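Here is what each chain is made of, one letter per residue.
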Amino acid sequence: MIKKYLFLSLIFPIIIKSQTFFTVPQNVWRIAIIEKKGFEDWKGHDGRSGWNSSYSINDISYELTSKRKKDFSRRHLLVDYGLTNRLSFSMDIFQVVKMQQKDEWIIKSDSSKKPIQDLLSFYYPEKRSNNGLGDLKLGLKYLLKGDPAWKNSKTRFSVFTGIDYFMPFAEDQIKFNSKALIESIPKQFFHLPLGEGIPKVRLKTFGEFYTRYKSRLINMNWSLGVTSAFREEINPRITFLWIEDASADSISRVIGNVLFQKGLNLEAHILGQLEILPKRLFASADLKWISSLRDAYFSNSKEWNEWMRKRVNYDTRSILVMQSVKFNFLNLDPMNYIGPYPFEVEIGAEWFVPFLSYQTFARTSLWLRFSTYFQAW
């Protein structure tokens, strides 16, 4: 018991202001659980919901608009550990508790819509769902210059660099097999993948500027990052939309094995934070810009490769602009505890910026985060 209270008295004067910052002090662990719920809506080339395409059957033309929406629920486990006061290790692994996608099609034609409706119901069942383990992220963060805000230094700024490695643990697209059926439809068409199945590496630089006004902490965090994915063999989802009068089996044979190279992902992020109640309540707002360059596909069909990469009203080059607000309630001051243990509670909401996000699933979500700290050697 004496050791326990000695431990608490040593750690919390150090970490009292470290709740939302990039790193933690040496030998300090920060463990957090996040529950996140939300939905995603596909934004097309013009920033509006859905993407447009056309198809012909027996010289009859159809104009199609696809509406794709996802509901999701995820649970994250985040771990940060201070290897030194300058170097921190981080881990983020999540579980997809629920993922459900609904596909709706708007069809325009001067003739009967039944032929295209039959194809769409075969290749695109209206509702698909899945759950399971997500990808694992491992990272290192290193302080290049300055001091982090939790150090209460006169420097008033810090600059970090970091590297993250994403391990593809999430279930990716299953292989097409015309003999594996559900309700007379190939199983692949019912399958909703949880990940892309490709490892990635992200390099980033980030930092903070902070000051105090009337004893309240004010800081601005910023970060820049680039993510590169390894080239991997994938299982393409078979669809009739790229070629006329072809069966699923013949499409699969034409494409053959597929290598996929995801385009570079560029990120910029800025966050402002204000201490509302001393050592108790923080409020923050941020803006994040994410741009993905075009993907590349390598299969037996050059026509399919280009169609998957870019076509009329569709492009794998995308932009997503997100904004969020959050509030952090702290119980880290040993002189003013609620209960016997230290903790921090975060409530946040994020949403996409309309007409600045396109060719991607635009997200709106709410989350609740619970964090605690302890020290171990």
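Residues numbered from 1 in each chain as written. Predicted model: local features only at pLDDT ≥ 70, side-chain atom pairs only at ≥ 80, totals over all residues. Heavy atoms only, no water.

Some remarks on the layout of surface pockets
Now for step 1: Computed from the structure, the largest pocket encloses a volume of approximately 220 Å³.
Now for step 2: If you trace the largest pocket, you find 14 residues lining it, with Ser53, Ser54, Leu241, Trp307 and Arg311 closest to the centre.
Now for step 3: Tallied by class, the residues present in the lining of the largest pocket amount to six nonpolar, six polar and two charged.
Now for step 4: In this model, the second largest pocket occupies a volume close to 160 Å³. (1 Å grid on protein atoms, 1.4 Å probe; cavity = no way out; pocket = protein on both sides within 12 Å on 5 of 7 lines; lining within 4 Å. Points joined across faces, edges and corners; volume = space filled by probe spheres on them. Nonpolar A, V, L, I, M, F, W, Y, C, P; charged D, E, K, R; others polar.)

Structural notes on the sheet that holds strand β15 (residues 296-298)
Now for step 1: Across the sheet, which stays open at both edges, the three strands sit in the order β11-β12-β15 with antiparallel pairing between neighbours. With one partner strand each, in any of the chains shown, β11 (232-234) and β15 form the two edges of the open sheet. Neighbour to neighbour, the strand axes of the sheet diverge by 35 degrees on average, direction disregarded.
Now for step 2: Set on the sheet, helix α5 (residues 302-309) makes contact with β12 (258-261) and β15; between it and β15 the angle comes to about 160 degrees. (Pairing = 2+ DSSP bridges. Helix = DSSP H or I, 4+ residues; strand = E, 2+ residues; numbered from the N terminus. Axes fitted to C-alpha atoms, helices over the stretch in contact; angles between N-to-C directions. Contact = heavy atoms within 4.5 Å.)

Quick look at the pattern of salt bridges
Now for step 1: For the structure shown, the criterion picks out 20 salt bridges.
Now for step 2: Here Asp41 and Lys43 are joined by a salt bridge, their closest N and O atoms 3.3 Å apart.
Now for step 3: For Lys43, a relative accessible area of 9% translates into the label buried.
Now for step 4: Of the charged contacts, one joins Arg202 and Asp164 as a salt bridge, the two residues approaching to 2.8 Å between their closest N and O atoms. With Arg202 in strand β9 (residues 200-213) and Asp164 in strand β6 (residues 157-167), this pair connects stretches of sequence that are 38 residues apart.
Now for step 5: Residue Asp164 is classed as buried on the basis of its relative accessible area of 1%.
Now for step 6: Salt bridges sharing partners connect three or more residues here, namely Asp164, Arg202, Lys204 and Glu267. (Salt bridge = Lys/Arg side-chain N within 4 Å of Asp/Glu carboxyl O. Buried < 20%, exposed > 50% of the residue type's maximum accessible area, 1.4 Å probe, protein only.)

Quick notes on the nonpolar core
Now for step 1: Leu64, Ile116, Leu120, Tyr123, Ile238, Phe240 and Leu241 are the most contacted members of the largest nonpolar core, which totals 33 residues.
Now for step 2: At the level of elements, β2 (51-57), β3 (60-82), β4 (87-108), α2 (114-123), α4 (248-255), β12 and α5 are the ones that each hand at least two residues to this core.
Now for step 3: Setting aside residues up to four positions removed in sequence, Tyr123 forms contacts with Phe189, Arg237, Ile238, Thr239, Phe240, Ala246, Ser247, Ala248 and Ile251. (Core = buried A, V, L, I, M, F, W, Y, C linked by side-chain atoms within 4.5 Å.)

Some details on the packing of aromatic side chains
Now for step 1: Within the structure shown, the criterion is met by 19 aromatic pairs.
Now for step 2: A centroid spacing of 5.0 Å and a plane angle of 55 degrees characterise the contact between Tyr123 and Phe240, whose relative ring orientation is tilted. In this pair, Tyr123 is assigned in helix α2 and Phe240 in the loop between β11 and α4, connecting sequence segments 117 residues apart.
Now for step 3: By relative accessible area, Tyr123 is classed as buried at 2%.
Now for step 4: Residue classification places Phe240 among the buried positions, given a relative accessible area of 0%.
Now for step 5: The interplanar angle of 40 degrees and the centroid separation of 5.0 Å between the aromatic rings of Phe260 and Tyr297 together place this pair among those described as tilted. (Phe/Tyr/Trp six-rings, centres within 6.5 Å; stacked < 30°, edge-to-face > 60°.)

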